[in-house]
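Listed below are the residues making up each chain.
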Amino acid sequence: LTYEEMVADPAGNICKIAKFIGMEDLEPDSELIQKTVEKSTVASMKASSGVYAGNVRQGGIGNWRKHFSDEDSALFDEEYRKQMEGVGLTYDFGDGLVM
């Protein structure tokens, strides 16, 4: 399960996680799932008075690109390919880059 998959279908994926940890089968439109989705938004976490309130970044998909130079991105890609070789997993980094 990736961050991007969670963003695309938060309720459906929270249901999958709940089932994986042994909770009862829940429907995406159930009150518990909808409350969990609501409380898991970046806006909700930023508004929280809890320990993480000041440590929540902007959220969103692909924001990391704003922090990587072209050189950093190329170095990351090279190292990622080395580390993941033979694992059999692929990851969609967006903008057509799938490794």
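These notes cover the structure that comes with them. Keep in mind that this is a model prediction, so the values were computed, not measured.

## Some details on helix α5 (residues 70-84)
1) Next: Taking 1.5 Å as the rise per residue, α5 with 15 residues should run 21 Å; its terminal C-alpha atoms sit 21 Å apart, in good agreement.
2) Next: Just downstream of α5 lies glycine 86, where phi reads positive at about 85 degrees.

## Let's talk about the pattern of salt bridges
1) Next: Counted by the stated rule, this structure contains one salt bridge.
2) Next: With a closest N to O distance of 3.6 Å, lysine 82 and glutamate 78 form a salt bridge. Separated by four residues within a single helix, lysine 82 and glutamate 78 lie in helix α5, roughly one turn from each other.

## Details of the environment of glutamate 5
1) Next: On the secondary structure map, glutamate 5 appears in helix α1 (residues 3-8).
2) Next: For glutamate 5, a relative accessible area of 40% puts it in the partly exposed group.

## So, helix α2 (residues 10-20)
1) Next: Three or more residues of α2 are buried, namely Ala11, Gly12, Asn13, Ile14, Cys15 and Ala18.
2) Next: Elements that come into contact with the buried residues of α2 comprise α1 and α3 (31-39).
3) Next: Immediately beyond the C-terminal end of α2, within one or two residues, lies glycine 22, with a positive phi of roughly 95 degrees.

## Considering the packing of aromatic side chains
Aromatic ring pairs: the centre-centre distance and the angle between the two ring planes describe each pair.
1) Next: Counted according to the given criterion, the structure contains two aromatic pairs.
2) Next: Geometrically, the ring pair formed by phenylalanine 68 and phenylalanine 76 is edge-to-face, given 6.1 Å between the ring centres and 75 degrees between the ring planes.
3) Next: Phenylalanine 76 gets classed as partly exposed once you look at its relative accessible area, which sits at 32%.
4) Next: Aromatic side chains phenylalanine 76 and tyrosine 80 sit 5.7 Å apart centroid to centroid with 25 degrees between the ring planes, which places their arrangement in the stacked category. Here the residue phenylalanine 76 and the residue tyrosine 80 both occupy positions in helix α5, the gap between them amounting to four residues, near one helical turn.
5) Next: Connected via pairs of aromatic rings, a cluster forms that spans Phe68, Phe76 and Tyr80.

Reading guide: rules and limits
Residues numbered from 1 in each chain as written. Predicted model: local features only at pLDDT ≥ 70, side-chain atom pairs only at ≥ 80, totals over all residues. Heavy atoms only, no water. Helix = DSSP H or I, 4+ residues; strand = E, 2+ residues; numbered from the N terminus. Expected span 1.5 Å × (residues − 1). Salt bridge = Lys/Arg side-chain N within 4 Å of Asp/Glu carboxyl O. Buried < 20%, exposed > 50% of the residue type's maximum accessible area, 1.4 Å probe, protein only. Contact = heavy atoms within 4.5 Å. Phe/Tyr/Trp six-rings, centres within 6.5 Å; stacked < 30°, edge-to-face > 60°.

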